[in-house]
Protein chains: 2
Amino acid sequence: MSSVDPHSLFERILSGDRFALSKGLTLIESTLESDKIKANELLVLVSQCDQSAYRIAISGAPGVGKSTFIEYLGMYLVNQGKKVAVLTIDPSSRETHGSILGDKTRMELLGKHKEAYIRPSPSAGIYGGIGLCTYESTLLCEAAGYDIVLIETVGVGQSEGEGKYVADLFTLLIQPGAGDDLQSMKKGIMENADCIIITKHDGDLKRAAEKTQAQYRSSWKQTMDRNRVDEILLATSHEPNKFSEIWNHMDAFLKKQNLAKNRRNREVFWFDKKLREAVISKYMSQHHDQIENLIQQIRDQGLFYLSALRSLLPYDE
Amino acid sequence: MSSVDPHSLFERILSGDRFALSKGLTLIESTLESDKIKANELLVLVSQCDQSAYRIAISGAPGVGKSTFIEYLGMYLVNQGKKVAVLTIDPSSRETHGSILGDKTRMELLGKHKEAYIRPSPSAGIYGGIGLCTYESTLLCEAAGYDIVLIETVGVGQSEGEGKYVADLFTLLIQPGAGDDLQSMKKGIMENADCIIITKHDGDLKRAAEKTQAQYRSSWKQTMDRNRVDEILLATSHEPNKFSEIWNHMDAFLKKQNLAKNRRNREVFWFDKKLREAVISKYMSQHHDQIENLIQQIRDQGLFYLSALRSLLPYDE
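All values reported here derive from a predicted model rather than from experimental measurement.

Chemist: Explain the packing of aromatic side chains to me, please; I cannot follow it from the model alone.
Modeler: Note on aromatic pairs: each is described by the distance of the centres and the angle between the planes. Tallied over the full model, the rule gives 18 aromatic pairs over all chains. Ring geometry for A:F304 and A:Y305: centres 5.0 Å apart, planes at 75°, overall edge-to-face. Seen from their ring centres, A:Y305 and B:Y135 are 5.6 Å apart, and the 65° between their planes marks the pair as edge-to-face. Highlighted residues: A:Y305 in helix α15 (residues 305-312) and B:Y135 in helix α8 (residues 134-143), drawn from two different chains. By relative accessible area, which is 1% here, B:Y135 ends up buried. Members of the aromatic cluster, connected to one another through ring pairs, are A:Y135, A:Y165, A:F269, A:W270, B:F304 and B:Y305. A cation over a ring is seen here: A:R228 above A:W220, with NZ or CZ 3.7 Å from the ring centre.

Quick look at the structure:
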């Protein structure tokens, strides 16, 4: 993407040009060193924009219905006159390093709506539950004028890690019947979530969903030690109208937050994370040949890995 | 632990002194800089020992029955005259940074046996599914003369990350009924595992366990692209005798491996990981004040985190 000028791209993104937004997101995801410098410039420009979109993370175990939930919540919001951006991750891309399912086809209605923008990202084998550039992508969608950014994150709560650092509201979807887990697991999940929603409240699973709701409700109320959506909610794709109720709860939560302050605190996390990545990356490229040589010695001659490490970084005794 | 001499501790560990082994493991886990140097010395000594123990990881989702499985497999092995060390992780310690359940009480029979040694470690909030020092702990147990080291890892396969780098055999326990997952999820799980065992093959769940076995079997056979335990096995705590069959499969797998070569390849992973940790740790302590100052500016003045990052590490344009 060597011909991209960050300033003109920024202007086009601000004007609502969807093609420019896609180009900007691709620039951010690029691993080329020259692109990284441009992406950084673009993001610094973006950081000076009005940051008034609601950023909402949608998390949950595989199969819980994240795509369906996002499709219906997104359709409800665009029908209310909102512009909605969706950042999705394809969990299966972890193994293949490429997007397989094609999230646009997973969200057929929303994907066709002119006020919605869906961007699938490969998860590229990371463990934090979100893509490598999801936070930056959120900032870009916000600058492009979307009112709400829905961020799909993978995982089951405990290993969620980074999802809670991208969003103003961290939503966890729970499968009916998943209330029988260990108490400690539920606790771990609930410590991260601002909002818990039981999916598939219909057909054969309707009763199970209500039972799970009741199980989570008692633990939820007991640990109501901070500001959260106070009800455990139910969702079904059979009654799209019910998404107004879900949205009302989310909206009320968001209106009560000091979003600017929360975001600054979350940026401390991103500063720390990106600093660590940059420090390592710099060290690794500076010592590339030495490191490769040591790896060969470990592999071929059985050099002990800690001895190899100490030959690079001796203890300061 | 400033009074510890690594050389004499090493001799005592070699002689089979359990107290010395515990002391060595505590030394390895210590975060004091002076202890780290001693731990490094101890480990370099240990790396020169005969490394002939079988290292077996036991993984699976919370509630699948990892402790019970380890207890019964461990009892089977000590009854066969083997010395067994168990390294466990308490998943609930993630939130509290301390061991709560007390793994010794979770494995009552094995915990009392004189040929078994159980060591619970706090998982200390990491995402790799094992403790920060689990690999080094395995080496120490091996030096202490244990024939088999059973390593409990947390997680559900996909987010397992590091478990497969500690062990010669990576075992995944599956809950009856867990075969209904997405195909892609099963694939991710199976790519890591050398051995899959369906637990709770008894009582109400007996039929479900067999059904799950059949479901995994078909996928397992289809993807038999490398050396693995070729059968999907069943386990129940109601028939401890059946653990001889499980062990026979594991033993046959282990005897077919080039353990030394595999271990050298895995040590490349640990070299890379520990190098990254050491590089970051050194940088962070060298730039502590600058970093703290930037964090304050992000928090109080809304300094953009990428601008903060670039003030520390400018791009080399």
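Next comes the rest of the account.
Chemist: Can you help me understand the packing of helix α1 (residues 6-14) of chain A against helix α3 (residues 33-47) of chain A in this one?
Modeler: Axes are the key here: two packed helices are described by the angle between their axes and the distance separating the axes. Residue and element names in this part refer to chain A. Running from amino to carboxyl end, α1 crosses α3 at an angle of 45°, the nearest separation of the two axes being 9 Å. By the angle between their directions, the pair α1 and α3 is classed as oblique. Considering how the two elements wind past one another, α1 and α3 form a crossing that is right-handed. Counted together, P6, H7, L9, F10 and I13 of α1 and K38, E41, L42, L45 and V46 of α3 form the full contact between these two elements. Here the residues of the contact of α1 with α3 are counted per class, giving 7 nonpolar, 1 polar and 2 charged.

Chemist: Which parts of the structure should I look at to understand the packing of helix α3 (residues 33-46) of chain B against α8(B)?
Modeler: Residues and elements named next belong to chain B. Where α3 contacts α8, the two axes come as close as 10 Å, and the packing angle between them is 50°. Regarding the angle of α3 to α8, the classification is oblique. Viewed along their axes, α3 and α8 form a crossing whose handedness is left-handed. Along its contact with α3, which presents L42, L43 and V46, the element α8 presents E136, L139, L140 and A143. Split by residue class, the contact of α3 with α8 holds 6 nonpolar, no polar and 1 charged.

Chemist: Is there a simple way to think about the domain arrangement of chain A in this case?
Modeler: How big an interface is tends to be expressed through the accessible area that disappears when the partners come together. Residues and elements named next belong to chain A. Looking at the assigned domains, one finds that chain A contains domain 1 (1-48), domain 2 (49-257) and domain 3 (267-312). On the side of domain 3, 5 residues touch domain 2, which itself brings 7 residues to the contact. Both sides of the domain 2 and domain 3 interface together cover about 630 Å² of buried area, and 58% of this is carbon and sulfur. Among the residues of domain 2 in contact with domain 3, Y135, E162 and Y165 are the three that bury the most area, contributing 68% of the side total. Here domain 2 and domain 3 share 1 salt bridge between them. The tally of links from domain 2 across to domain 3 stands at 3 residue pairs in polar contact (both at pLDDT 80 or more).

Chemist: In this structure, what is going on with the nonpolar core? I would like to understand it.
Modeler: Across soluble globular proteins, nonpolar side chains show a tendency to be buried alongside one another. Ranked by internal contacts, the top residues of the largest apolar core, which has 132 residues, are A:I196, A:F271, A:L275, B:I196, B:F271 and B:L275. Excluding residues within four positions of it along the chain, B:I196 makes contact with B:L172, B:I174, B:M190, B:Y216, B:W220, B:E231, B:I232 and B:L233.

Chemist: Mind showing me how you'd approach helix α11 (residues 243-256) of chain B here?
Modeler: Because an α-helix completes one turn every 3.6 residues, residues spaced three or four positions apart along the sequence face the same direction. Residues and elements named next belong to chain B. If you check α11, its first and last C-alpha atoms are 20 Å apart, about what 14 residues at 1.5 Å a residue would give, namely 20 Å. Every buried residue of α11 is accounted for by F243, I246, W247, M250, D251, F253 and L254. End-on, the buried residues of α11 take up no more than an arc of 160°, which puts them together on one face. Facing away from the buried side of α11 by more than 90 degrees, the exposed set consists of K255 and K256.

Chemist: Teacher, can you tell me more about the environment of A:I28 here?
Modeler: Residues and elements named next belong to chain A. Within the secondary structure layout, I28 lies in helix α2 (residues 18-29). Residues I28 and V229 lie 201 residues apart in sequence; the distance between their C-alpha atoms is 33 Å. Ignoring anything within four residues of it in the chain, the contact list for I28 reads A39, L43, C133, E136 and L140.

Chemist: For this particular structure, what's the right way to read the pairing of strand β5 (residues 169-174) of chain A?
Modeler: Strand residues, when the strand is regular, have side chains that alternate between the two faces of the sheet. All names here are of chain A. Among the 6 residues that make up β5, 6 are buried, leaving the element largely enclosed by the rest of the structure. On β5, burial covers both faces: L169, T171 and L173 on one face and F170, L172 and I174 on the other are all buried. Where strand β1 (residues 54-59) lies against β5, 4 bridges are found, and the strand directions are parallel. The residue bridging I58 from the neighbouring strand is T171, located in β5. Where β5 meets strand β6 (residues 195-198), 4 bridges bridge the pair, whose relative direction is parallel.

Chemist: Would you explain the pairing of strand β4 (residues 148-152) of chain B in this entry?
Modeler: All names here are of chain B. Burial analysis of β4 places 5 of its 5 residues in the buried class, which makes it a mostly covered element. Where burial is concerned, the two faces of β4 agree: the one with I148, L150 and E152 and the one with V149 and I151 are both buried. As paired strands, strand β1 (residues 54-59) and β4 are joined by 5 bridges and run parallel to one another. Each residue of the ladder has a partner; that of Y54, found in β4, is I148.

Chemist: What is the right way to read the confidence of the model for chain A from this model?
Modeler: Close inspection of predicted coordinates is inappropriate for parts of the model with low pLDDT. Per-chain confidence: chain A averages 86 in pLDDT, with 85% of residues scoring 70 or above. Below a pLDDT of 50 lies the segment residues 93-104 of chain A, which in the model reaches 29 contacts outside its immediate sequence neighbourhood of four places, other chains included.

Chemist: Is there a simple way to think about unusual backbone geometry in this case?
Modeler: One non-glycine residue, A:K200, adopts positive backbone phi at about 60°. Here A:K200 shows up in the loop between β6 and α11 (206-222).

Chemist: Looking at this structure, I do not really get the pattern of salt bridges. What am I missing?
Modeler: A pair can form between side chains of opposite charge whenever their charged atoms are brought close. Evaluated as defined, the whole model comprises 30 salt bridges over all chains. Here A:R119 and A:E29 are joined by a salt bridge, their closest N and O atoms 3.2 Å apart. One end of the pair, A:R119, is in strand β3 (residues 116-122); the other, A:E29, is in helix α2, and 90 residues separate them in sequence. The class for A:R119 is buried, based on a relative accessible area of 12%. Between B:R12 and B:D17 there is a salt bridge, and its shortest N-O distance comes to 3.3 Å. Via salt bridges that share partners, A:R55, A:E142, A:D168, A:R263 and A:R266 belong to a single interconnected network.

The rules behind these values
- Residues numbered from 1 in each chain as written.
- Chains lettered and ligands numbered in written order.
- Predicted model: local features only at pLDDT ≥ 70, side-chain atom pairs only at ≥ 80, totals over all residues.
- Heavy atoms only, no water.
- Phe/Tyr/Trp six-rings, centres within 6.5 Å; stacked < 30°, edge-to-face > 60°.
- Helix = DSSP H or I, 4+ residues; strand = E, 2+ residues; numbered from the N terminus.
- Buried < 20%, exposed > 50% of the residue type's maximum accessible area, 1.4 Å probe, protein only.
- Lys NZ or Arg CZ within 6 Å of the ring centre and 35° of its normal.
- Axes fitted to C-alpha atoms, helices over the stretch in contact; angles between N-to-C directions.
- Parallel < 35°, antiparallel > 145°, perpendicular 65-115°, else oblique.
- Left-handed = near helix turned anticlockwise from the far one by under 90°.
- Contact = heavy atoms within 4.5 Å.
- Nonpolar A, V, L, I, M, F, W, Y, C, P; charged D, E, K, R; others polar.
- Domains from an automatic or database assignment.
- Buried area = accessible area lost by both parts, 1.4 Å probe.
- Salt bridge = Lys/Arg side-chain N within 4 Å of Asp/Glu carboxyl O.
- Polar contact = N/O pair within 3.5 Å; in protein donor to acceptor, adjacent residues only side chain to side chain.
- Core = buried A, V, L, I, M, F, W, Y, C linked by side-chain atoms within 4.5 Å.
- Expected span 1.5 Å × (residues − 1).
- Arc of directions from axis to C-beta.
- Pairing = 2+ DSSP bridges.
- pLDDT = per-residue confidence, 0-100.

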